[in-house]
Amino acid sequence: MEIKTIGVLTSGGDAPGMNAAVRAVVRSGISQGLKVIGINRGYAGLIAGDVKEMTARTVSDTVHRGGTILYTARCKEFREEAGLQKAKDMCKKLGIDGIAVIGGDGSYRGARDLSVRGVPCIGIPGTIDNDIACTDYTIGYDTAMNTALDMIDRLMDTAMSHERCIVVEVMGRGAGYIALNTAIAAGASAVLIPEVEPNVEAIITRLQRAYSLGKKHSIVVVAEGSKVRAQELTEIISNRLNMEARCMVLGHVQRGGSPTLRDRVEASRMGCRAVELLSQGIGNRVVCCKGNEIVDYDILEALQMKKEIDMHLYKVMLDVSF
Ligand code: ADP
C-alpha cells in the first residue's frame, strides 16, 4: 500500500517533549513528501474527525513548549469494536494511511487494535513515568525528574531553615524511577519506591542514625505508587522521632514545563524513526530507545516485556543517604 498521508496524535497522560515529537513527525513527514494530519484529543478526536492539516509552520515555536499542542484525551469508546470501526472509517474518509501515536502502554494497545484492522500505527513512548518496559527512556521523563528535583531543592532550603523533615511525594504511577533518581540527586535521607517492599522501621533507623551524626533536617522521597504513602510516613516519622515533619505532594507541576534538551532530542529521534516506518507502510510497532540506539519492536512483544528498577542505583541511594 502506498503511503501518502499520515496522522499524528497524542494520547493518555501529557508529557513535556510531546510537542517535539509531533514536530519531528510533521517535519520529517513533509520532508519525505507526505501529507501530515494532526489529530486533536487522541483517539477521541480520531473518532470525531477533529483534525487539521499540519504544515512546517503549524509546529513552529513548539519544540520548547510543554504539554501538547494536539491536546490529549482518554477515550473509552476506542476500546470497543464499534469505536475502532468508527476510527478506521474516519481514516478512510480523511485519507489517513497510517498514524504516529505518542503516548503510553494503553495508547499502544489502541495502536495495535487499529493496525490489525488495516491502519498501520507506530507508537512513540511519551510519559513522565518512564514505566514502559520496551524502552530505556520515555519522552518527558528527564524534564519531570528535573522539575521534581528543583522543587525538592527548594523544599530542602525551608527544611533546613526550620530544622524539619519534609516527606515529598513524587509521580511515577507504579514505578519508582523518578523517586529513586530525584532522591539521590536531591540528597534525600530515605526513599520509598513500589519496586522495593516498604520497610518503615529501616527508614526510622536510617533517620535516627543520620540525626545522631548531626543531621538537623531531612528530605524523604516517596513514590506515588509506594504501598506506604507520604502522609502516612510523615505521621510515623513525626510520632516516632518526635520531630516536626511535613508532607508535600508535588502533583501535576511535574507534568508541565519546557522540556529538557534530552527530552527534545529523544523525541525528535523517535518521531523521525516513526515516520521512516510509516512511510514504508509498516505498523503495529513501537519505537524505543535502547542504550543510545533507536530501535523498534512489535507492539504485542513490547507490551509483554518487563522492566526492572536498577538495584545498583538503589544501593547507591542507601550508601549515600545518611
Ligand atoms: P497511556 O497511553 O498513557 O498508557 P491510557 O492507558 O489512558 O494512557 O490509554 C490512552 C487511550 O488509549 C485510552 O483512552 C484508550 O482510548 C486507548 N486504550 C487504552 N487501553 C486500551 C486497550 N486495552 N485497547 C484499546 N485501546 C486502549
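A few points on the structure. (Residues numbered from 1 in each chain as written. Predicted model: local features only at pLDDT ≥ 70, side-chain atom pairs only at ≥ 80, totals over all residues. Heavy atoms only, no water.)

On to the pairing of strand β5 (residues 121-125), then. Of all 5 residues that make up β5, 5 are buried, and the element is covered over most of its length. Neither face of β5 is exposed, since Cys-121, Gly-123 and Pro-125 on one face and Ile-122 and Ile-124 on the opposite face are all buried. Summarising the sheet, strand β4 (residues 98-103) and β5 pair through 5 bridges and their orientation is parallel. Following the sheet pairing, Ala-100 is matched in β5 by Ile-122. Note on the crossover from β4 through helix α4 (residues 105-116) to β5: the handedness is right-handed. Two strands pair when backbone bridges link them, and β5 and strand β10 (residues 285-290) are joined in this way by 2 bridges, in the parallel orientation. Along β10, the bridge assignment pairs Gly-123 with Val-286. (Buried < 20%, exposed > 50% of the residue type's maximum accessible area, 1.4 Å probe, protein only. Helix = DSSP H or I, 4+ residues; strand = E, 2+ residues; numbered from the N terminus. Pairing = 2+ DSSP bridges. Right-handed = clockwise from strand over helix to strand, strands pointing away.)

Let's shift gears to the pairing of strand β8 (residues 218-223). Here β8 lies mainly inside the structure; 6 of its 6 residues are buried. Here 6 bridges tie strand β6 (residues 165-170) to β8, and the two strands are oriented parallel to one another. Across the sheet, Glu-169 pairs through a bridge with Val-222, a residue of β8. In this sheet, β8 lies alongside strand β7 (residues 190-192) in parallel orientation, the contact comprising 3 bridges. Within β8, the residue paired with Ala-190 across the bridge is Val-220. Handedness of the β-α-β unit built from β7, helix α7 (residues 200-212) and β8 comes out right-handed.

Another aspect to go through is the sheet that holds β7. Pairing in this open sheet of 4 strands is parallel, and the strands run β7-β8-β6-β9 from one edge to the other. Taken across any chain shown, the strands that pair with only one partner, and hence form the sheet edges, are β7 and β9 (245-249). Averaged over all pairs of adjacent strands, the angle between strand axes in this sheet comes to 20 degrees, irrespective of strand direction. As paired strands, β6 and β9 are joined by 5 bridges and run parallel to one another. The residue bridging Val-167 from the neighbouring strand is Cys-247, located in β9. (Axes fitted to C-alpha atoms, helices over the stretch in contact; angles between N-to-C directions.)

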